[in-house]
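# Summary of structural features
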Amino acid sequence: MSMHPGWQAVIGLEIHAQLSTSSKLFSGASTAYGAEPNTHTAVVDIALPGALPVPNHAALDKAIRFGLAIGAHIASRSVFARKNYFYPDLPKGYQISQYELPIVSGGRLPVRLDDGRVIEVELERAHLEEDAGKSLHDAFHAATGIDLNRAGTPLLEIVSKPVLHSAQEAVAYMRTVHTLVRWLGICDGNMQEGSFRCDANVSVRREGAEKLGTRAEIKNVNSFRFVEKAIEYEIERQIRALENGEAIVQETRLYDAARHQTRSMRGKESADDYRYFPDPDLPPLAVTLADVEAVRATLPELPEARRARYIGELHLPEIDATQLCHDRATVEYFEAVLSGLRTRDAGPGEKGDAKLAANWVLGEVSAARNAEHLHFDAPRVSASALAELLTRVREGVISGKIAKDVFAAMWSGEGDADAVIEKRGLKQISDTGALAAAIDAVLAEYPSQLADYRGGNEKLLQFFVGQVMKRTKGQANPQQLNALLREKLQS
Amino acid sequence: MTGLFTSIAQCAQALRARQISAVELAREALRAAQTHADLNALISVDETGALAAAERADARLASGTWSSLSGIPFAHKDIFCTSGVRTTCASRMLADFVPPYDAGVVERLHDALAVSIGKANMDEFAMGSSNENSFFGAVKNPWDTARVPGGSSGGSAALVAAGVVPFATGTDTGGSIRQPAAFCGLTGLKPTYGRVSRWGMIAYASSLDCGGVLARSAEDCMHVLSAIAGHDPRDATSVARGVDNYADALRAPLQGLRIGVAREYFGAGIDAGVGATVQAALKQYEQLGATLVDISLPNAALAIPAYYVIAPAEASSNLARYDGVRYGHRCAHPTSLEDLYTRTRAEGFGAEVRRRILVGTYALSAGYYDAYYLRAQRVRRLIANDFVEAFKAVDLIAGPTTPTVAFKLGEKSADPLAMYAADVNTVAVNLAGLPAISIPAGFREGMPVGLQLIAPAFAEGALLAASHQFQLATDWHRRTPGGAA
């Protein structure tokens, strides 16, 4: 299915995921974000004469982790290469990357599209490389500032094969990778801080054509929405050009978010020659089978497997399972709530527990969290506190509706569920005597409605329920109220 | 020649016997440096640092704890970063560069309480075989000041030959320790690649660069190697392997030693007199109990072309960091980024450095990479295999270190290819990563001739032993420009 009849778009993504190591790829300097400029810089990072790189094995382990998660080949011998070019924020005059022999090659990733279809995206490779520093063009008058704090930060460049055919597929793939790297604990995925960014290679060809069209590379797009917009724009631009008989130039283009368009980065295309060659300062990286197995032993259950299990074993609806499995912190929170609920059960656990927990995690908790941009790893209401609240619902102490108010109070720090219920006097009225008194009072107050009901207008039942609830400030146990009310109305 | 600095052991003995203090010794060396200022062998003199180090050594000597190098004056080739002391690599680019850290070799000699008097002149970024490629001017050979001392560790060689210090550090990428040692009548040791830390040693060609020592004798080289050899986790190419006891190794006899005489090392371009002098020295080895074996290193002739592709290729990348942005020379009033780069680098680098950067950039360029860089790497493996094969039948390989004795200043400076050809017998050793030594073997027209011995990887002990046993029976290494010591 194409939005452009007769044409097929071909897209490959190069995703740069910053590996969450505490020190840099080749030096002991910190990778923490947001420090004063040029304070996280060892002699290696500022490329002093005689300084030498030493590989950070934590970064290597994280790359292997990613490779195993996508079923890729982990090279027993991979080679760091120098990519030579001059730029002020590239202190050595070359970037240490991997070229001919990357640590991870091949692999595939199932990607769930918005319409529920799943495509298998093949990957080309994933390789280790160091980040450059930052050039600050606006901070100084008539000069450029250089901040080398980021220089040498470890990146995993994840390269897909050119197998994506729409902006939507590309974004779904990017989201899946984003979920996976956070799930694996190898990247914090923070796009504002640049921890997860993407270059997109886009070309178009006539439907059915074998040969790939000339591609343009869209650089450094740092949000899902912009990736989608940029690719959409680029596909249309290329099709329009080709239909007008123009040729596509192989070039690098920048996405202009304000105008929602891409534009050429250079006036004329200069063929870059990076003069790659193996870095003589770094012997080939040797990875033994034992190294790989040690990493494999620490791999968590992957999102797709977890999702399938939620559907199969917990009988969650697909949509709930999919949403929960977007990130590991959510999943962990959900499972903690569920286990809290089950601990409180005498029996083997109600079948409805999972659905109840999922409803709350995806409903109230997500909403409250999103409102404050909080993550599940730092929720204001802990999983065990939520489990306690839900237990009170199941015990009939409060209604589901009241529980939402209690949750809001808990979220704003008023204490745990029992304390809030107690303090606010929210316990359900399950005492038959008290309920009966309230019903009697309502029936006495509305004699004409009572006559109507008894005359056959059964819709008025809800009216009486509402009035009793009002009188009891919502604390009436709904099941009991219904039963008792029907009994009284019929008498 | 003062006579004080004939050997490290002699200095150490005098220090221990309290005949002289380390401070007095340091002052002596500083005075000698001044006396020989005409050699232009030092780029920086560090009097304050030297005296402070000597005082520290004296304190330790007084407390009875010392190493064989405690209180011994020496000089570092100006390629080793010294914290707080200007380190120029003989380049305008780094003429004012003061490193904030010490090289691994510098730390180790500091820990051994050796006393550095300053930084020795050299060819700019270690590129050269005559020490004429220095921003700070050429160095003169103490044996004949009209001649070059060799390069690139020419300042180190001149200082030791003139008796200013008993030893100096050097680096050897294609012969830069052995060739100046040969030209100046010294013993120069290039260890196995990976045996000595490259941390803080300014890179020329990373896969070939090797720190080492120039001294008067193999025994002195042994003392220094014992101090500087060892694993350094800050250098990923440094080898994690125990260091041999070289003092013990020194005693190994020559009896039964099989020395391979590589016929290619006596080939065309080797001065007849130099060849004959080396043959005579080898005869002496035979008389002392060694067996000479005629061997062949069939790919020896390919070493120069392979070296002059690989070394410049690595250099072109290693020297990219000198861009005028963070430290070092920066052109005045750059008008654009490109202007900053081009003028900074055109002004900061000398002609030979620029030439090698251009050659190396070319060799790595798309379309040429396979024909030059990859091919040179294949040749490199062939050359390494030649040695592996040869060492199946012999313990060491011998030949002249250089084709000629020290040439005249200016004689080859206009002809880079003739200059490169002077490395014909030394570069293969670097391509194969092996240890080698050059020892004084006699004289040709009043100038010293060097004999090169090559050993299998990590057999520095065997090299030192073979050299030491020869030096016990000969006195070539005792000759000095002022006459026998």
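Along each chain, numbering runs from 1 in the same order as the chain's sequence is written. Labels follow written order: the first chain is A, the first ligand is 1, and so on. Local features are withheld for residues below a pLDDT of 70 in this predicted model, meaning they are given only at 70 or higher, and side-chain atom pairs are given and counted only at 80 or more; totals for whole chains, interfaces and linings count all residues.

## Overview of the overall build of chain B
Of the regular secondary structure elements, chain B holds 16 helices and eleven strands. We compute the radius of gyration from the C-alpha atoms alone; for a globule the expected value is 2.2 Å times N to the 0.38, where N is the number of residues. Relative to the globule expectation of 23 Å for 485 residues, the C-alpha radius of gyration of chain B, 21 Å, shows essentially globular dimensions. Once the C-alpha set of chain B is aligned to its principal axes, its extents read approximately 65 × 55 × 45 Å. For chain B, buried positions account for 62% of its 485 residues. A pair of residues counts as a contact when their C-beta atoms, built from backbone coordinates, are separated by no more than 7 Å. Put simply, of all contacts in chain B between residues at least 6 apart along the chain, 76% involve residues at least 24 apart. Helix and strand labels come from DSSP, where a helix needs a run of H or I of at least four residues and a strand needs a run of E of at least two; each type is numbered from the N terminus. Think of it as a crowd count around each C-beta: if 20 or more other C-beta atoms lie within 10 Å the residue is buried, if 12 or fewer it is exposed, and in between it is partly exposed, with C-beta placed from the backbone throughout.

## Structural notes on the overall build of chain A
Check the secondary structure of chain A and you find 15 helices and 17 strands. The C-alpha atoms of chain A give a radius of gyration of 30 Å, which is well past the 23 Å a tight globule of 491 residues would have. By its C-alpha atoms, chain A is 95 × 55 × 50 Å across when sized along the principal axes. Out of the 491 residues belonging to chain A, those deemed buried represent 40%. Across chain A, contacts joining residues at least 24 apart in sequence account for 68% of those joining residues at least 6 apart.

## Thoughts on unusual backbone geometry
Backbone phi values are negative for most residues with the exception of glycine, while trans is the configuration of most peptide bonds. A cis amide bond links Gly151 of chain B to the next residue, Ser152 of chain B, at an omega of 5°. Following the sequence through the fold, Ser152 of chain B ends up in the loop between β3 (115-120) and α5 (154-161). Phi at Ala47 of chain A is positive, roughly 55°, even though this residue is not glycine. Tracing the backbone through its elements, the reader meets Ala47 of chain A in the loop between β1 (7-18) and α1 (57-69). Look at Phe458 of chain B: it is not a glycine, yet its phi comes out positive at around 65°. For Phe458 of chain B, a count of 19 C-beta atoms within 10 Å puts it in the partly exposed group.

## A few points about the nonpolar core
For this analysis, nonpolar core means a set of buried Ala, Val, Leu, Ile, Met, Phe, Trp, Tyr and Cys residues linked through C-beta atoms within 7 Å. Ala170 and Ala200 of chain A together with Leu396 of chain B are the most contacted members of the largest nonpolar core, which has 243 residues in total. Counting residues in each nonpolar core, the second largest holds 36 residues, with Ala321, Val331, Phe407 and Met410 of chain A among its members.

## Focus on the domain arrangement of chain A
Domain assignment breaks chain A into domain 1 (7-294), domain 2 (303-424) and domain 3 (432-490). Domain 1 of chain A and domain 3 of chain A are separated by 66 Å when their C-alpha centres are compared. Domains are outlined according to an automatic or database domain assignment.

## What to know about the confidence of the model for chain B
pLDDT measures the predictor's confidence residue by residue and takes values from 0 up to 100. Across chain B, the average pLDDT comes to 96, with 98% of residues at 70 or higher. Interface scoring of the predicted complex returns ipTM 0.96; its pTM is 0.90.

## Side note on the environment of Glu228 of chain A
All names here are of chain A. Within the fold, Glu228 resides in helix α3 (residues 224-243). Glu228 sits 61 residues away from Ala167 along the chain, and the two C-alpha atoms are 5.0 Å apart. Those residues in contact with Glu228 that lie beyond four places of it in its chain are Ala167 and Val171.

## As for the pairing of strand β5 (residues 187-190) of chain B
All names here are of chain B. Residues of β5 alternate between two faces, with Thr187 and Leu189 on one and Gly188 and Lys190 on the opposite face, all of them buried. Strand pairing requires that DSSP identify at least two bridges connecting the strands. In terms of strand pairing, β5 meets strand β6 (residues 211-215) through three bridges, oriented antiparallel. In the strand pairing of β6, Thr187 is matched with Ala215. Bridge count for β5 against strand β10 (residues 436-444) is three bridges, and the pairing is antiparallel. Each bridged residue has a counterpart across the sheet, and for Lys190 the counterpart in β10 is Ala436.

## A short note on the environment of Leu30 of chain B
Residue and element names in this part refer to chain B. Looking at where Leu30 falls in the secondary structure, it is placed in helix α2 (residues 22-35). Each C-alpha atom of the pair Leu30 and Pro73 lies 9.1 Å from the other, and the pair is 43 residues apart in sequence. Here Leu30 is in contact with Val45, Glu47, Ala50 and Ile117, once residues within four sequence places are set aside.

## Let's talk about the packing of helix α2 (residues 167-183) of chain A against α3 of chain A
Residue and element names in this part refer to chain A. Between N-to-C directions, angles cover 0 to 180 degrees, with each direction set by a line fitted to C-alpha atoms, over the stretch in contact for helices. Following both chains from N to C, one finds α2 and α3 inclined at 150°, their axes separated by 9 Å at the closest point. The angle between the axes of α2 and α3 places the two elements in the roughly antiparallel class. In this structure, the crossing between α2 and α3 has a hand that is right-handed. Contacts between α2 and α3 involve Ala167, Ala170, Val171, Met174 and Arg175 from the former and Phe224, Val227, Glu228, Ile231, Glu232 and Ile235 from the latter. Across the contact of α2 with α3, the residue classes tally to eight nonpolar, no polar and three charged. Roughly parallel means an angle under 35 degrees; roughly antiparallel, over 145; roughly perpendicular, 65 to 115; everything else is oblique. Whether a crossing is left-handed or right-handed is set by the direction in which the near helix is turned from the far one by less than a right angle, anticlockwise for left-handed and clockwise for right-handed. By the convention adopted, Pro, Cys, Tyr, Trp, Phe, Met, Ile, Leu, Val and Ala count as nonpolar, Lys, Arg, Asp and Glu as charged, and the other residues, Gly among them, as polar.

## What about the pairing of strand β9 (residues 134-140) of chain A?
Residue and element names in this part refer to chain A. Judged by how many residues are buried, β9 sits mostly at the surface: zero of seven residues are covered. Bridge count for β9 against strand β10 (residues 143-147) is four bridges, and the pairing is antiparallel. Bridging across to β10, Lys134 finds its partner in Asp147. Taking the residues that link successive antiparallel strands as the turn, the β9-β10 hairpin has two residues, and the phi of Ala142 there is positive, at about 55°.

## Looking at helix α8 (residues 352-372) of chain A
Residues and elements named next belong to chain A. Taking 1.5 Å per residue as the helical rise, α8 with its 21 residues ought to reach 30 Å, and the 29 Å between its terminal C-alpha atoms agrees with that figure. Residue Ser366 marks the point of greatest curvature in α8, where the axis turns by about 40°. Every buried residue of α8 is listed here: Asp353, Ala354, Ala357, Ala358, Trp360, Val361, Val365 and Arg369. Phi turns positive, to about 55°, at His373, one or two residues after α8. How far a helix is expected to stretch is found by multiplying one less than its residue total by 1.5 Å. Fitting one axis to the seven residues ending at a residue and another to the seven starting there, the bend at that residue is the angle between the two axes.

## Topic: helix α14 (residues 460-471) of chain A
Helix length check: α14 of chain A (twelve residues) gives 17 Å between terminal C-alpha atoms against 16 Å at 1.5 Å per residue, within 8%. Of the residues trailing α14 of chain A, Lys473 of chain A is marked for its positive phi of about 55°.

## Notes on the interface of chain B and chain A
If you look at the interface, chain B gives 35 residues, while chain A gives 26 residues. Elements with a minimum of two residues in the side of chain B that touches chain A: α10 (303-318), α11 (337-348) and α12 (351-364) of chain B. Among the elements that line the side of chain B that touches chain A, the one with the most residues is α10 of chain B, at three residues. Of the residues that constitute the side of chain B that touches chain A, the class distribution is 21 nonpolar, seven polar and seven charged.

## Considering the sheet that holds strand β1 (residues 42-45) of chain B
Residues and elements named next belong to chain B. An order of β1-β3-β2-β4-β6-β5-β10-β11-β9-β7-β8 is seen for the eleven strands of this open sheet, with the pairing classed as mixed. For this open sheet the edge positions go to β1 and β8 (291-295), each flanked by a neighbour on one side alone. Averaged over all pairs of adjacent strands, the angle between their axes in this sheet comes to 30°, without regard to strand direction. Relative to strand β4 (residues 167-171), α5 is tilted by about 165°, and along the sheet it contacts β1, β2 (73-77), β3, β4 and β6.

## Some details on the sheet that holds strand β4 (residues 80-84) of chain A
Residues and elements named next belong to chain A. One open sheet holds the three strands; their spatial order is β5-β4-β16, and the pairing between them is antiparallel. The open sheet has two free edges, formed respectively by β5 (94-98) and β16 (277-278), since each of these has just one partner strand. Bridge analysis of β4 against β5 gives five bridges, and the strand direction is antiparallel. Along β5, the bridge assignment pairs Asn84 with Tyr94.

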